[in-house]
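# A structural walkthrough
The primary structure of each chain is shown beneath.
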Amino acid sequence: MTLRSYTDVEQPSPPTSEETPVDVDLVQFNQWGWGTRTQWEVALNIVNATVGAGIIGLPFALVLAGFVPGIALSVMVAFLTTGAIYSMIVCGRHLNVTSFAALAEATMGSFGFYLLNLMLFIQSAGSCVSYFLLIADTMPVLTQLYLPQFPLLHHRQTLTFLIAVILVYPLNLFRSIGALARWSAFSVLLLPVMVLTVLIRAPLSIGQHETPFFKQGTDPLAAIGIMSFAFVCSQVAFSNYLSQKDQTMRAWLGTSYLSSAISWIVSISFAIVGYVSFGVDANANLFSNFPADDPIINIGRFALALSMVLTVPMAFYPARDAVQTVLYGQRATTAVEHHVLTFVLYAGLLAVGLYVTELGKVYATVGGMASACLAYLIPGYAYWRLFGRRVWQAAATPAQNEQDTLAQAPLLVKRDSDIVSPQGTWLLTACSLVLMLMGAIVMLLTALRAISA
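Residues numbered from 1 in each chain as written. Predicted model: local features only at pLDDT ≥ 70, side-chain atom pairs only at ≥ 80, totals over all residues. Heavy atoms only, no water.

## Overview of the pattern of salt bridges
Test applied: In the sections that follow, a salt bridge refers to a side-chain nitrogen of Lys or Arg positioned within 4 Å of a carboxyl oxygen of Asp or Glu. Counting from the N terminus, the helices are DSSP H or I runs at least four residues long and the strands are E runs at least two residues long. Each residue gets one of three labels from its accessible area relative to the maximum for its type: buried under 20%, exposed over 50%, partly exposed in between, using a 1.4 Å probe on protein chains only.
Using the criterion set out here, one finds two salt bridges in the structure. Measuring nitrogen to oxygen at the nearest pair gives 3.7 Å for the salt bridge that ties arginine 156 to aspartate 137. Placement of the pair is arginine 156 in helix α6 (residues 156-168) and aspartate 137 in helix α5 (residues 100-146), with a sequence separation of 19 residues. A salt bridge links aspartate 294 to arginine 201, with the nearest nitrogen and oxygen atoms 2.9 Å apart. In this pair, aspartate 294 sits in the loop between α10 (249-278) and α11 (295-328) while arginine 201 sits in helix α7 (residues 181-201), placing the two residues 93 residues apart along the sequence. Relative accessible area serves as the criterion here: at 6%, aspartate 294 is assigned to the buried category.

Have a look at this one:
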């Protein structure tokens, strides 16, 4: 098999027509150079992983932070997310590691490995539970109204179980998240439907609720937790990068910006509409502010439920990867191991999702602890550990020639001659410092609140 080179790491050639989709799915899971997806497909995959259940709680986040401060916080979180997922791949290419867990272990030792996998599991499992919860809260409203002749489908737990087993479970059987790209594209197309239905009906409530725009909210910490939960996507950065055909750093930077921009536009549009319409009375699940028999809103409810069906796998894959990494290390699992782990883990998360009902608490707790650690603290520390000291040394010895600097950072080189500007290193270094500070503060305050509650 011929090899092609990406910077200093040899890469397998693209799959030939003789190789089956199963073979591609297997090697794409943990090897460079086997991606088959375009930047748009990968960006939509990331958007689908990002804009999930968390979008429903963003109007409530604006209530907690205040409207203007909340918008400012959302912009900051979006930019930090972009810097995090880009710098993670820079670090991964530098160390020749292909997973978040391997990156954490390489930069933080065994402590980082277990911390990452714990937080990754909490974040992804919490996301799965919240998606199941939204399905459970949404679909029975529709079946009771439009399918009164089937009382079995009116029961929250029964209906959620049937949907989870028949529709969602088969989507979790692949090894590589890249196999879900087309489903992700369809799921993303449902987001404008959700936003549009709210946009049509929500204005009818304008003026009926108190809506301060410049007043600071009562709980900005919880707002940051909700936003972190809504925007975090670092847990799928490596898997999506590996599924991208063009694996140059310039292409990945474009994908990072594109996915973050789409996610922010969709999410904040939903948040603004919800806040302007319902003000301080906006609920954690915005659709609960509307009557059950509103036909237009019910279209949005159905779009939300269908979107959650397609988004559960985007959270399940990282959760399974975390458990798989702890159990089997970096080796590829056998078919039996893969399917047994998938079944057991999925059954456990579904069982929790059938009984949990407090969506707001899921957002705040998971977002303030796991999301902050995954989105800010670990990516920031990884980049600082590998490149931060080098930047300061370069500043202290400006006479060092450019050739040596570039030789120390081979992953800032794309293809043969396309070199990322040295200014980019400074920007990422500053971003890593902000990421670490943000993550540490949010996690500490959330932990103190949980202890004192």
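Here the narrative resumes.
## Looking at helix α2 (residues 39-50)
The condition is simple: The length a helix should cover is 1.5 Å for every residue beyond the first. Residue contacts follow a heavy-atom distance rule, with two residues in contact if any of their heavy atoms lie within 4.5 Å.
For α2, spanning 12 residues, the distance from its first C-alpha to its last is 16 Å, which sits close to the expected 16 Å at 1.5 Å a residue. Of the residues making up α2, those classed as buried are Val42, Ala43, Leu44, Asn45, Ile46, Val47, Asn48, Ala49 and Thr50. Where α2 is buried, its residues meet α5, α7, α8 (220-231), α9 (237-243), α10 and α11.

## Let's talk about a nonpolar patch on the surface
Worth spelling out the cut-off: To count toward a patch, a residue needs a relative accessible area above 30% and no salt bridge. Like charges then connect within 9 Å, nonpolar side chains (Val, Leu, Ile, Met, Phe, Trp, Tyr) within 5 Å. Residue burial considers only the protein chains on display, and all accessible areas are found by Shrake-Rupley using a 1.4 Å probe.
On the surface, Leu437, Ile441, Leu444, Leu445, Leu448 and Ile451 cluster together to form a nonpolar patch covering roughly 610 Å² of accessible area. Relative to the elements of secondary structure, isoleucine 441 occurs in helix α15 (residues 422-452).

## Some thoughts on the nonpolar core
Our working definition: Remark: nonpolar core denotes a set of buried residues (Ala, Val, Leu, Ile, Met, Phe, Trp, Tyr, Cys) joined through side-chain atoms within 4.5 Å.
Of all hydrophobic cores here, the largest spans 129 residues; its most connected members are Ile56, Trp252 and Tyr346. The contact partners of tryptophan 252, leaving out residues within four places of it in the chain, are Val42, Ile46, Ile85, Tyr86, Ile89, Ala237, Asn240, Tyr241 and Gln244.

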